[in-house]
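Summary of the model geometry
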Amino acid sequence: NAGVTQTPKFQVLKTGQSMTLQCAQDMNHEYMSWYRQDPGMGLRLIHYSVGAGITDQGEVPNGYNVSRSTTEDFPLRLLSAAPSQTSVYFCASSYAQGAGRNTIYFGEGSWLTVV
Amino acid sequence: KQEVTQIPAALSVPEGENLVLNCSFTDSAIYNLQWFRQDPGKGLTSLLLIQSSQREQTSGRLNASLDKSSGRSTLYIAASQPGDSATYLCAVRPGGSWGKLQFGAGTQVVVTP
């Protein structure tokens, strides 16, 4: 059972480049989400999905794009990288609404530097 | 907008002492609250999840309480060990916006031998 798998773990981008952070889970979770973690600011929600074909914006969605074509995968696309997007990105998943099954599981993180 | 606060931001205790970590939230209309541990350079590991109808949850040396009316949760770690050194975060799942988990900034804990 791999849980939540994120790739790549480290990436350096030049300003203006685009890239995709991959996230996959093997727990048949309906809910998947992307967060960024910055010093002193905690984790902030970028985008989330409650099932295949359904996505919604979080707190800081600008500059990021997502899609959910399968239950397992939830890629995060940076459209035109900016230095302000230098951060650690975490993917997370859980079962959808339902008592006792909402424990959220996180990937190991992706460290992104934009120069 | 829901705001989640964790005080203190950092804490250092000698081994064997009990740890008390605080989490407060501004909107009591929550679905559940979850406590996480994060080690340096790693992802978050879930410690305890408390549903809105519960008052506390326990797992081994860990005990988490929830007082929705006052907007507070407390994580107790009994008889701390150096291996408990990590950052502890709480997260609230709002009742009205189920998908939008809201995190506190965390408390960094150091347990000295």
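Okay, so let's go over this structure. No experiment lies behind these values; they were computed from the predicted model shown. (Residues numbered from 1 in each chain as written. Chains lettered and ligands numbered in written order. Predicted model: local features only at pLDDT ≥ 70, side-chain atom pairs only at ≥ 80, totals over all residues. Heavy atoms only, no water.)

**Observations concerning the nonpolar core**
Just so we agree on the cut-off: The nonpolar core is taken to be a set of buried Ala, Val, Leu, Ile, Met, Phe, Trp, Tyr and Cys residues, with the residues joined through side-chain atoms within 4.5 Å. Partly exposed residues are those whose accessible area sits between 20% and 50% of the maximum for their type, while under 20% is buried and over 50% is exposed, using a 1.4 Å probe and protein chains only. In this description a helix means any DSSP run of H or I spanning at least four residues, a strand means any run of E spanning at least two, and both kinds are numbered starting from the N terminus. Every residue pair with non-hydrogen atoms within 4.5 Å of one another is taken to be in contact.
Formed by 22 residues in total, the largest nonpolar core has its most connected members in B:Phe25, B:Leu33, B:Trp35, B:Leu75 and B:Tyr88. The set of elements that each furnish at least two residues to this core consists of β3 (19–25), β4 (30–38), β5 (44–51), β7 (62–67), β8 (72–77), β9 (86–94) and β11 (107–112) of chain B. The residues touching B:Leu75, leaving out its near neighbours within four places in the chain, are B:Leu19, B:Val20, B:Leu21, B:Trp35, B:Leu47, B:Leu48, B:Leu62, B:Asn63, B:Ala64 and B:Tyr88. One finds A:Leu13, A:Met32, A:Ala81 and A:Leu112 within the second-largest nonpolar core, a separate group that totals 20 residues.

**Description of the state of the cysteines**
All names here are of chain A. Defined as follows: The term disulfide is used for any two cysteine sulfur atoms that are within 2.5 Å.
All told, the structure shown has two disulfides over all chains when counted by the stated rule. Note that Cys23 is cross-linked by a disulfide to Cys91, the S-S spacing being 1.8 Å. Judged by the sign of its S-S torsion, about -75 degrees, the bond between Cys23 and Cys91 is left-handed. Separated by 68 residues along the polypeptide, Cys23 in strand β3 (residues 19–25) and Cys91 in strand β9 (residues 87–94) bring together distant segments of the chain. What makes Cys23 buried here is its relative accessible area of 2%.

**Topic: the interface of chain A and chain B**
It is common to give the size of an interface as the accessible area lost on bringing the parts into contact. Quick note on the threshold: The buried area of a pairing is the accessible area, by a 1.4 Å probe, that goes missing from both parts when the two are put together, added over both. When a carboxyl oxygen of Asp or Glu lies within 4 Å of a side-chain nitrogen of Lys or Arg, that pair is called a salt bridge. We define a polar contact as two N or O atoms separated by no more than 3.5 Å, with the added condition that, inside protein, one atom must be a possible hydrogen donor and the other a possible acceptor, whereas residues neighbouring each other in sequence contribute only through side-chain atom pairs.
Taken together, the contact pairs 25 residues of chain A with 23 residues of chain B. In total, about 1900 Å² of surface goes out of reach between chain A and chain B, with carbon and sulfur atoms giving 56% of it. There are two salt bridges connecting chain A and chain B. Residues B:Lys42 and A:Glu108 are paired through a salt bridge, measuring 3.8 Å at the closest nitrogen-oxygen approach. Our enumeration of links across chain A and chain B arrives at two residue pairs in polar contact (both at pLDDT 80 or more). Per element, the largest residue contribution to the side of chain A that touches chain B is four residues, and it comes from strand β5 (residues 42–51) of chain A.

**Quick notes on the environment of A:Ser49**
Residues and elements named next belong to chain A. Relative to the helices and strands, Ser49 resides in strand β5. Taking relative accessible area as the criterion, Ser49 reaches 0% and is therefore assigned buried. In this structure, the C-alpha to C-alpha distance between Ser49 and Val66, residues 17 residues apart in sequence, is 9.0 Å. One polar contact links the side chain of Ser49 to the main-chain carbonyl oxygen of Gly51, over a distance of 2.9 Å.

**As for the pairing of strand β6 (residues 56–59) of chain B**
All names here are of chain B. Put simply, the test is: By this definition, two strands are paired if DSSP reports at least two bridges between them.
Strand direction decides the pairing type here: β6 and β7, joined by four bridges, are antiparallel. Across the sheet, residue Gln57 finds its bridge partner in β7, namely Ala64. Between the antiparallel neighbours β6 and β7 lie two residues, among them Gly60 with a positive phi of about 60 degrees.

**What about the packing of aromatic side chains?**
In plain terms, the rule: Within 6.5 Å between ring centres, the rings of Phe, Tyr and Trp (the latter by its six-membered ring) count as paired, and their orientation is classed by plane angle as stacked under 30 degrees, edge-to-face over 60, tilted in between. By definition here, charges over rings are those cases where NZ of Lys or CZ of Arg is within 6 Å of the ring centre and within 35 degrees of the ring normal.
Under the counting rule described, the total for this entry stands at nine aromatic pairs over all chains. One aromatic cluster is present, built from ring pairs that chain together A:Tyr35, A:Phe90, A:Phe106, B:Phe36 and B:Phe103. Here A:Arg68 stacks its cationic end above the ring of A:Phe74, 6.0 Å away from the centre of that ring. One residue, B:Arg93, lies across the ring of A:Tyr31, its end atom 5.0 Å from the ring centre.

**Considerations on the sheet that holds β6(B)**
Residue and element names in this part refer to chain B. To keep it simple, the criterion reads: Simply put, an axis is a line fit to the C-alpha atoms, just over the touching stretch for a helix, and the angle between two N-to-C directions goes from 0 to 180 degrees.
As summarised here, the arrangement of the five strands in space is β1-β3-β8-β7-β6, forming an open sheet in which the pairing is antiparallel. Of all strands in the sheet, those with a lone pairing partner are β1 (4–7) and β6, marking the two edges. Sheet twist, expressed as the mean angle between neighbouring strand axes with direction ignored, is 15 degrees.

**Let's talk about unusual backbone geometry**
For the bond from A:Thr7 to A:Pro8, the omega torsion is -5 degrees, close enough to zero to count as cis. For A:Pro8, the location among the structural elements is in the loop between β1 (4–7) and β2 (10–13). Here the bond from B:Ile7 into B:Pro8 is cis, since omega is 5 degrees, no more than 30 degrees from zero. Tracing the backbone through its elements, the reader meets B:Pro8 in the loop between β1 and β2 (10–14). Backbone geometry at A:Asn28 places phi at a positive 60 degrees, although glycine is not the residue there. Residue placement: A:Asn28 occurs in the loop between β3 and β4 (31–38). Classification of A:Asn28 by relative accessible area gives exposed; the value is 54%. Residue B:Ala79 is not a glycine yet carries a positive backbone phi of 45 degrees. Within the secondary structure layout, B:Ala79 lies in the loop between β8 and β9.

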